[in-house]
Amino acid sequence: MTKNKAIILDRDGVLIEDKDYAYKIEDFELLPGVIDGLKLLNKKFLFFIVTNQSGIGRGYYTIEDFHNFNNYLIEILKQKKIEILKTYFCPHIREDNCDCRKPKTKFVDEITKEFNVDMKRSWMIGDHPSDIQFGINAGCKTIFLTTGHGDKHIDELETVKIKPTMICNNFFIAAKEIMRRL
Ligand SMILES: [Mg+2]
Ligand SMILES: [Zn+2]
């Protein structure tokens, strides 16, 4: 059976504006190029969100707040005929030393098993060095987006010697690059 290809998406700073621990609908803002980019990738890839949500562990918002906010995003995408198959979130803080916080790959193992995904032909898109490290750990290709916090962290890639497959400044450009490399 042919395996599926996936795009694993960080959420904040990739799909939506990263407004530091956002959970209120009024703070919801899609980033430019996201809808068109996802539409372009739609036929070839399954979509997943993997997001670190330490705001829960810090007590800034509840798991329910998280779901309300995230479901709003899922619903908006659905209206554009884009389906996120599943959202995986880590509610912990770094100090909890859990198994699910990116760059740890617990969620990759779950995606691989549940959805028969070939990680080698899949991509991780993120705006933080830990997203890229996560993608590398998962064995997929990676795109560092300079949207969100990406601009702030781009120099760290150099310092910690993490090399993404590509660096892009807009989601739609990232999507076109992925399609070019199919
Ligand atoms: Mg992010
Ligand atoms: Zn966790």
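Check the entry above for the structure.
Because the structure is a prediction, the values reported are computed rather than measured.

Analysis parameters
- Residues numbered from 1 in each chain as written.
- Chains lettered and ligands numbered in written order.
- Predicted model: local features only at pLDDT ≥ 70, side-chain atom pairs only at ≥ 80, totals over all residues.
- Helix = DSSP H or I, 4+ residues; strand = E, 2+ residues; numbered from the N terminus.
- Rg over C-alpha atoms; globule rule 2.2 N^0.38 Å.
- Buried ≥ 20, exposed ≤ 12 C-beta atoms within 10 Å, placed from the backbone.
- Contact = placed C-beta atoms within 7 Å.
- Pairing = 2+ DSSP bridges.
- Right-handed = clockwise from strand over helix to strand, strands pointing away.
- Axes fitted to C-alpha atoms, helices over the stretch in contact; angles between N-to-C directions.

## Side note on the overall build of the protein chain
- Counting its secondary structure elements, the protein chain contains 7 helices and 6 strands.
- Sequence-ordered secondary structure for the protein chain, helices as α and strands as β, is β-α-β-α-α-β-α-β-α-β-α-β-α.
- The C-alpha atoms of the protein chain give 15 Å as radius of gyration, which agrees with the globular expectation for 182 residues (16 Å, within 12%).
- Projected onto its principal axes, the C-alpha coordinates of the protein chain cover approximately 40 × 40 × 35 Å.
- Relative to its 182 residues, the protein chain shows a buried fraction of 38%.
- The contacts of the protein chain with a sequence gap of at least 6 include a subset with a gap of at least 24, amounting to 65%.

## Digging into the pairing of strand β5 (residues 141-145)
- Of all the 5 residues making up β5, 4 are buried; the element is thus mostly covered by neighbouring parts of the structure.
- Pairing analysis gives 4 bridges linking strand β4 (residues 123-126) to β5, with the strands arranged parallel. Residue pairing in the sheet places Met124 in a bridge with Thr142 of β5.
- In the classification by handedness, the crossover that spans β4, the intervening helix α5 (residues 129-138) and the parallel β5 is right-handed.
- Across 3 bridges, the pairing between β5 and strand β6 (residues 166-168) is parallel. Bridging from a neighbouring strand, Ile143 pairs with Met166 of β6.
- Regarding the hand of the β-α-β motif, the stretch spanning β5, helix α6 (residues 150-159) and β6 is right-handed.

## Examining the environment of Arg121
- Relative to the elements of secondary structure, Arg121 occurs in the loop between α4 (106-115) and β4.
- Residue Arg121 is classed as partly exposed on the basis of its 16 C-beta neighbours within 10 Å.
- Taking the C-alpha atoms as reference points, Arg121 and Asn169, 48 residues apart in sequence, are found 22 Å from one another.

## So, the sheet that holds strand β1 (residues 6-9)
- What the 6 strands build is an open sheet, ordered β3-β2-β1-β4-β5-β6; its pairing is parallel. If you trace the sheet from one side to the other, it starts and ends with β3 (84-90) and β6, each paired once. Each strand of the sheet is rotated relative to its neighbour by a mean of 20°, with strand direction disregarded.
- In the packing of α5 onto the sheet, the strands contacted are β4 and β5, and the crossing angle to β4 comes to about 170°.

## Considerations on the pairing of β4
- On β4, burial covers both faces: Trp123 and Ile125 on one face and Met124 and Gly126 on the other are all buried.
- As paired elements, β1 and β4 share 3 bridges and run parallel to each other. Paired with Leu9 across the strands is Ile125, a residue of β4.

## Re unusual backbone geometry
- The omega torsion across Lys102 and Pro103 is 15°, close enough to zero to call that bond cis.
- Assignment of secondary structure puts Pro103 in the loop between β3 and α4.
- One non-glycine residue, Asp20, adopts positive backbone phi at about 50°.
- Phi at Asn97 is positive, roughly 50°, even though this residue is not glycine.
- Residue Asn97 is classed as exposed on the basis of its C-beta count, with 9 C-beta atoms lying within 10 Å.

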